[in-house]
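Geometric and topological summary
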Amino acid sequence: ASSVWTGADKDGAAFIRWNLDPDGEAVENKIQVNEDMTLYAVWAELCTVTIDPGDGEYKEGYVGEGETYGFSVVKGSEIQLQNDSEEIRYNIVVDDDGYSSSIANPPIHKTGAVFWKWTDENGEDLDVDEKGRITVEEDMTLRAEWQEGCTITLDPRDGELYGENTVSVPTL
């Protein structure tokens, strides 16, 4: 028995699996090969999700001048938005394949403010379901909205800090 894995690449698409025929049955993890055969790649369309810092900015070193930060997901994927001033977060959820990814603290910030919520590129509220999820059907932008806050500066005195030396908290 021998094992062969060959990947595939296609612009604007994610490789999903190999099929035994162009529109048919998926290949199992192991198949018996007794004759020459052709396996057909199955592709899923990708959508780009761009993270817009709104009137904040990208953290230094994450994007070049004039560039944006974003990621690609398979069309039809769900993103669960966490509107939490404690942590800026979004989860990518693809139920069919059981794939889930959590991305905390995207590289955006606004001095003197705390993250408030995600909106669309025009600042309009997003169409979310009861679980706080949106479905990505086309390229889109998630725009950060901020709430003014106060800055707390952390002074370790003779110690050492791990992470940021300032923290923004909402103004009461």
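Every chain's residues receive numbers from 1 upward, in the order its sequence appears when written. Two thresholds apply to this predicted model, a pLDDT of at least 70 for residue-level local features and 80 or more for giving and counting side-chain atom pairs, whereas whole-chain, interface and lining totals are computed over all residues. To get the side-chain values, all heavy atoms of the structure are used, and hydrogens and water are removed first.

1. Thoughts on the nonpolar core
Applicable threshold: Residues belong to one nonpolar core when they are buried, are Ala, Val, Leu, Ile, Met, Phe, Trp, Tyr or Cys, and are joined through side-chain atoms within 4.5 Å. Exposure categories follow from relative accessible area, calculated using a 1.4 Å probe and restricted to protein chains: below 20% of the type maximum is buried, above 50% is exposed, and the middle band is partly exposed. Every helix listed is a DSSP run of H or I at least four residues long, and every strand listed is a run of E at least two residues long, numbered separately from the N terminus. Here a residue-residue contact requires only that any non-hydrogen atoms of the pair lie within 4.5 Å.
Core analysis: the biggest nonpolar cluster contains 19 residues, and Val49, Trp118 and Leu142 have the highest contact counts within it. Going through the elements one at a time, strand 2 (40-52), strand 4 (69-74), strand 5 (78-84), strand 9 (113-119) and strand 11 (140-153) are the ones with two or more residues in this core. Ranked by residues supplied to this core, first place goes to strand 11 with four residues. Sequence-distant contacts of leucine 142, defined by excluding residues within four places in its chain, comprise Val49, Thr50, Ile51, Asp52, Leu81, Trp118, Thr119, Leu126 and Ile134.

2. Focus: a nonpolar patch on the surface
Cut-off, in case you're wondering: Like-charged residues within 9 Å of one another, or nonpolar side chains (Val, Leu, Ile, Met, Phe, Trp, Tyr) within 5 Å, are grouped into patches, provided each residue has over 30% relative accessible area and no salt bridge. Where accessible areas are quoted, they stem from the Shrake-Rupley method and a 1.4 Å probe; at the residue level, only the protein chains shown are allowed to cover. Should a side-chain nitrogen of Lys or Arg be within 4 Å of a carboxyl oxygen of Asp or Glu, the pair is scored as a salt bridge.
On the surface, a nonpolar cluster with roughly 370 Å² of combined accessible area is contributed by Leu20, Ile31, Val33, Met37 and Leu39. Note that methionine 37 resides in the loop between strand 1 (13-19) and strand 2.

3. Focus on unusual backbone geometry
Within the chain, arginine 157 stands out as a residue other than glycine whose phi angle is a positive 55 degrees. As for its placement among the helices and strands, arginine 157 is situated in the loop between strand 11 and strand 12 (166-170).

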